[in-house]
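In case you want the letters, here they are:
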Amino acid sequence: MVSVILTEKPFEGTTFKYGLEVKEQAKPEAAQGQAIVSIQASALNHRDVWILKGQYPGIVPGSVIGSDGVGIVQEAKDGSFQKGERVLINPGVGWEKDERGPEGPYIILGMLPVIGLLTDTVPVDTAELVKCPAHLTTEEAAALPLAGLTAYRALFTKALVKAGDHVLITGIGGGVALFALQFAVAAGAHVYVTSSSQQKIDQAVKLGAKGGVNYKDKNCLKDLKTMLGDASIAAVIDGAGGPLFAQYARVMMPGGIIAQYGQTAGGPGVNYSMAHVIKHIDVRGSTMGSRLEFKKMVAFVEKHKIRPVVSHVWDQLTNDTIREAIDTMNNGQQFGKLVIKINERPHSPKL
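All values derive from a computational prediction rather than experimental measurement. (Residues numbered from 1 in each chain as written. Predicted model: local features only at pLDDT ≥ 70, side-chain atom pairs only at ≥ 80, totals over all residues. Heavy atoms only, no water.)

(A) How the structure looks around the overall build of the chain. Counting secondary structure elements, the chain contains nine helices and 17 strands. For 351 residues, the compact-globule estimate of 2.2 N^0.38 gives 20 Å, and the chain sits close to it at 20 Å. Buried positions account for 53% of the 351 residues belonging to the chain. Taking the contacts inside the chain whose residues are at least 6 apart along the sequence as the reference set, 72% of them involve residues at least 24 apart. (Helix = DSSP H or I, 4+ residues; strand = E, 2+ residues; numbered from the N terminus. Rg over C-alpha atoms; globule rule 2.2 N^0.38 Å. Buried < 20%, exposed > 50% of the residue type's maximum accessible area, 1.4 Å probe, protein only. Contact = heavy atoms within 4.5 Å.)

Below is the structure:
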């Protein structure tokens, strides 16, 4: 079998600390309680680039990277899945159901001591498998797990978004932000977005957003208030942080919630001020989600027939395709997820 292995040899022409190489490995065997899954396709996440830059904790060279995957069950020791069933793989292990956080050590797939999914065959605990919704294509299914789980928890568990709420989603174009948009619209919320690209804002409107503002414009929140009219933002789903964070209180309702799943804008952190305190605004950190939330997220996608946004697709797992995909992610050229097909077999989505 072939896998993408994290190495200590950086890609040429980059400032990365680490590199990636497609290598042959021995075929795995299933232990009791596990299934052997043939991976049809996997997707990249910003986490993979941060690992290559050395900006992620617990980096272990020799790991098979990749946290997203859809595959076909080849064998299940406990009989919980039948050979040939298409499944999604929970992108983390060690968190069963506690809404507050993991019950014990929690590890995201794609770093030893756990499996990675940029590979053609993998052993997986059957408890971490969920039947894949039939309406999804292979590419859409591969795009769903990590970003979908992160968005679902931030939106519903942490920010408590419900029908009729006005929601602001920052940095539209990334996987988590796009899922948050799609999930919020499906739940009946009124969604607004931020981006530095008018094209991405226009694309978000096509997906159901009411409008958007350019976060580089100093008057962007004034423009947002105009769009809102008499309404106020109930929840901000934020993956950026940055200087705009301190101003969100201006457009938020009393008791509003900021669910923050990242701080990609960098800097020392965010500014929580008396403006937030006076309006009873909560800031709630959120990352990934539990096995139970993963199952709920997949069920939500199936119920509402949500189709993940896929930006780019590569047809084979090779050194060239993984390098092209990483370069695309690093350059921020995508609107949606980046997917690499591995062991694809034809699948006709059922609408």
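(B) Broad picture of the packing of helix 3 (residues 145–158) against helix 8 (residues 291–304). Where helix 3 meets helix 8, the axes come as close as 9 Å, and the angle between the chain directions of the two elements is 95°. The pairing of helix 3 with helix 8 is recorded here as roughly perpendicular in orientation. For the pair helix 3 and helix 8, contact is made by Pro145, Gly148, Leu149, Tyr152, Arg153, Phe156 and Thr157 and by Glu293, Phe294, Lys296, Met297 and Phe300, respectively. Looking at the contact of helix 3 with helix 8, its residues break down into seven nonpolar, two polar and three charged. (Axes fitted to C-alpha atoms, helices over the stretch in contact; angles between N-to-C directions. Parallel < 35°, antiparallel > 145°, perpendicular 65-115°, else oblique. Nonpolar A, V, L, I, M, F, W, Y, C, P; charged D, E, K, R; others polar.)

(C) A look at the sheet that holds strand 12 (residues 211–214). Taken in spatial order, the six strands of this open sheet run 12-11-10-13-14-15, and their pairing is parallel. Looking at strand neighbours, the two that pair on one side only are strand 12 and strand 15 (282–285), the edges of this open sheet. Between one strand axis and the next, the sheet turns through 20° on average, direction left out of account. When strand 13 (residues 233–238) meets strand 14 (residues 252–260), the two strands line up parallel, connected through five bridges. When the bridges of strand 14 are listed, Asp238 appears paired with Gln260. Its contacts with the sheet place helix 6 (residues 220–228) against strand 10 (166–169), strand 11 (190–195), strand 12 and strand 13, and it is angled at close to 165° to strand 12. (Pairing = 2+ DSSP bridges.)

(D) Fine view of the nonpolar core. Residues Ile169, Phe183, Ile237 and Met297 are the most contacted members of the largest nonpolar core, which totals 53 residues. Every residue in contact with Ile169, bar those within four places of it in the chain, is listed here: Ala177, Ala180, Leu181, Val191, Tyr192, Val193, Thr194 and Ile237. Within the second largest apolar cluster, 38 residues are counted, among which are Tyr18, Ile89, Val114 and Leu338. (Core = buried A, V, L, I, M, F, W, Y, C linked by side-chain atoms within 4.5 Å.)

(E) Examining the packing of aromatic side chains more closely. Evaluation of the coordinates by the stated rule reveals nine aromatic pairs. Considering the side-chain rings of Tyr152 and Phe300, the 6.1 Å spacing of their centres and the 70° angle between planes classify their relative orientation as edge-to-face. Residue Tyr152 is located in helix 3, and its partner Phe300 is located in helix 8; the two are separated by 148 residues in the primary sequence. The pair Tyr152 / Phe300 is uniform in exposure class, with both members buried. (Phe/Tyr/Trp six-rings, centres within 6.5 Å; stacked < 30°, edge-to-face > 60°.)

(F) Geometry of unusual backbone geometry. Cis geometry is found at the peptide bond from Leu112 to Pro113, where omega equals 20°. Of note, the phi angle at Leu160 is positive, near 55°, even though the residue is not glycine. One can find Leu160 in the loop between helix 3 and strand 10. Looking at Leu160, the relative accessible area reads 48%, which means it is partly exposed.

(G) Here's a closer look at empty space enclosed by the protein. All chains considered together, the criterion is met by one cavity of 30 Å³ or more. One number sums up the size of the largest cavity: a volume of about 30 Å³. The wall of the largest cavity is formed by Gly175, Leu178, Phe179, Gln182, Val309, Gly336 and Lys337. Sorting elements by how many residues they give to the lining of the largest cavity places helix 4 (residues 175–186) first, with four residues. By residue class, the composition of the lining of the largest cavity is three nonpolar, three polar and one charged. (1 Å grid on protein atoms, 1.4 Å probe; cavity = no way out; pocket = protein on both sides within 12 Å on 5 of 7 lines; lining within 4 Å. Points joined across faces, edges and corners; volume = space filled by probe spheres on them.)

(H) Structural detail: the environment of Gly174. Mapped onto the elements of the fold, Gly174 is located in the loop between strand 10 and helix 4. Note: C-alpha distance between Gly174 and Gly332 (158 residues apart in sequence) is 8.7 Å.

(I) View of the side chain of Ser42. Relative to the elements of secondary structure, Ser42 occurs in strand 3 (residues 34–43). Classification of Ser42 by relative accessible area gives buried; the value is 0%. Of note is the side chain of Ser42, whose polar atom sits 2.5 Å from the backbone oxygen of Asp68. Residue contacts for Ser42: discarding those within four places in its chain leaves Asp68, Gly69, Leu117, Leu118, Ala142, Leu338, Val339, Ile340 and Ile342. (Polar contact = N/O pair within 3.5 Å; in protein donor to acceptor, adjacent residues only side chain to side chain.)

(J) Structural detail: a nonpolar patch on the surface. The grouping of Tyr272, Met274, Val277, Ile278 and Val283 at the surface amounts to a nonpolar patch, some 470 Å² of accessible area in total. Looking at the nonpolar patch element by element, the count peaks at three residues for helix 7 (residues 274–278). Inspection of the secondary structure assignment puts Tyr272 in the loop between strand 14 and helix 7. Assessed through its relative accessible area of 39%, Tyr272 is described here as partly exposed. (Patch = residues over 30% accessible without salt bridge, like charges linked within 9 Å, V, L, I, M, F, W, Y side chains within 5 Å. Areas by Shrake-Rupley, 256 points an atom, 1.4 Å probe, with all protein chains shown as cover. Salt bridge = Lys/Arg side-chain N within 4 Å of Asp/Glu carboxyl O.)

(K) Structural context of the pairing of strand 3. Most of strand 3 is tucked away: ten of the ten residues are buried. As paired strands, strand 3 and strand 8 (residues 121–125) are joined by five bridges and run antiparallel to one another. Opposite Ser38, over in strand 8, you have Thr121 as the bridge partner. Bridge analysis of strand 3 against strand 4 (residues 68–76) gives eight bridges, and the strand direction is antiparallel. Bridging from a neighbouring strand, Ser38 pairs with Ile72 of strand 4.

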